[in-house]
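Take a look at the letters that make up each chain.
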Amino acid sequence: LASLNELLRDHRTGDVSAIDPRLFDLLHDAAGLAGREPRYEVISGYRSPVTNAMLNARSDGVARRSLHMDGRAIDVRLAGYRTDRLRDLALAMAQGGVGYYRSSDFVHLDTGRVRTWSG
């Protein structure tokens, strides 16, 4: 887990935080249901409060109290799998929040309450 925490660090500040292990289970299960190897392109993992505040100031699509700051959210693409299909699959799993960002072509997954949105 320490290696994964380091991998998913805030790339802007270098800050490392513990990532919720349930997030890794969610990613693994989603890939399995998609019939794919769990090879993800990570857009955003952990975000420090400084990074999140900066992104929130630039965009309405970034929550002021994002679960990224708690290590409970990740923005991804699954290799060889359309992001709209990943969104649908994650919604059917009903294991947390699912955001779909069509123009940026990624899916937000988190271990918070079940909810959905588009950005």
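Located above this text is the structure these notes cover.
Remember, it's a predicted structure, so these values are computed and weren't measured experimentally.

**Here we look at the overall build of the protein**
Across its full length, the protein holds four helices and five strands. Starting at the N terminus and walking to the C terminus, you meet the elements of the protein as α-α-β-α-β-α-β-β-β. In terms of C-alpha radius of gyration, the protein reaches 13 Å, essentially the compact-globule figure of 14 Å for 119 residues. If one aligns the C-alpha atoms of the protein with their principal axes, the spans along those axes are about 35 × 30 × 25 Å. Counting across all 119 residues of the protein, residues that qualify as buried make up 43%. The contacts of the protein with a sequence gap of at least 6 include a subset with a gap of at least 24, amounting to 53%. With the model as given, the accessible surface of the protein reaches about 6700 Å², and the carbon-plus-sulfur share is 49%.

**So, the packing of aromatic side chains**
Across all of its chains, the model carries one aromatic pair by this definition. The side chain of arginine 87 reaches across the aromatic face of tyrosine 100, ending 4.4 Å from its centre.

**A few points about the sheet that holds strand 1 (residues 40–44)**
Either a parallel or an antiparallel arrangement is found when strands of a sheet pair, and the pairing is made through backbone hydrogen bonds. With respect to topology, five strands assemble into an open sheet ordered 1-2-4-3-5, the strand pairing being mixed. Only two strands of the sheet have a single partner each, and these edge strands are strand 1 and strand 5 (115–118). Here the average twist between neighbouring strands, direction ignored, is 25 degrees. By the bridge criterion, four bridges tie strand 1 to strand 2 (residues 73–78) in an arrangement that is antiparallel.

**A word on the nonpolar core**
Core analysis: the largest hydrophobic core is formed by 23 residues, its most contacted members being Tyr40, Ile74, Val76, Leu78, Leu86 and Leu109. Those elements giving two or more residues to this core turn out to be helix 2 (21–34), strand 2, helix 4 (83–93), strand 3 (97–101) and strand 4 (106–110). Examining the composition of this core, we find that seven residues originate from one element, helix 2, more than from any other. Apart from the residues lying within four places of it in its own chain, the contact partners of valine 76 are Leu27, Tyr40, Glu41, Val42, Ile43, Leu86, Phe106, Val107 and Leu109.

Rules used throughout
Residues numbered from 1 in each chain as written. Predicted model: local features only at pLDDT ≥ 70, side-chain atom pairs only at ≥ 80, totals over all residues. Heavy atoms only, no water. Helix = DSSP H or I, 4+ residues; strand = E, 2+ residues; numbered from the N terminus. Rg over C-alpha atoms; globule rule 2.2 N^0.38 Å. Buried < 20%, exposed > 50% of the residue type's maximum accessible area, 1.4 Å probe, protein only. Contact = heavy atoms within 4.5 Å. Areas by Shrake-Rupley, 256 points an atom, 1.4 Å probe, with all protein chains shown as cover. Phe/Tyr/Trp six-rings, centres within 6.5 Å; stacked < 30°, edge-to-face > 60°. Lys NZ or Arg CZ within 6 Å of the ring centre and 35° of its normal. Pairing = 2+ DSSP bridges. Axes fitted to C-alpha atoms, helices over the stretch in contact; angles between N-to-C directions. Core = buried A, V, L, I, M, F, W, Y, C linked by side-chain atoms within 4.5 Å.

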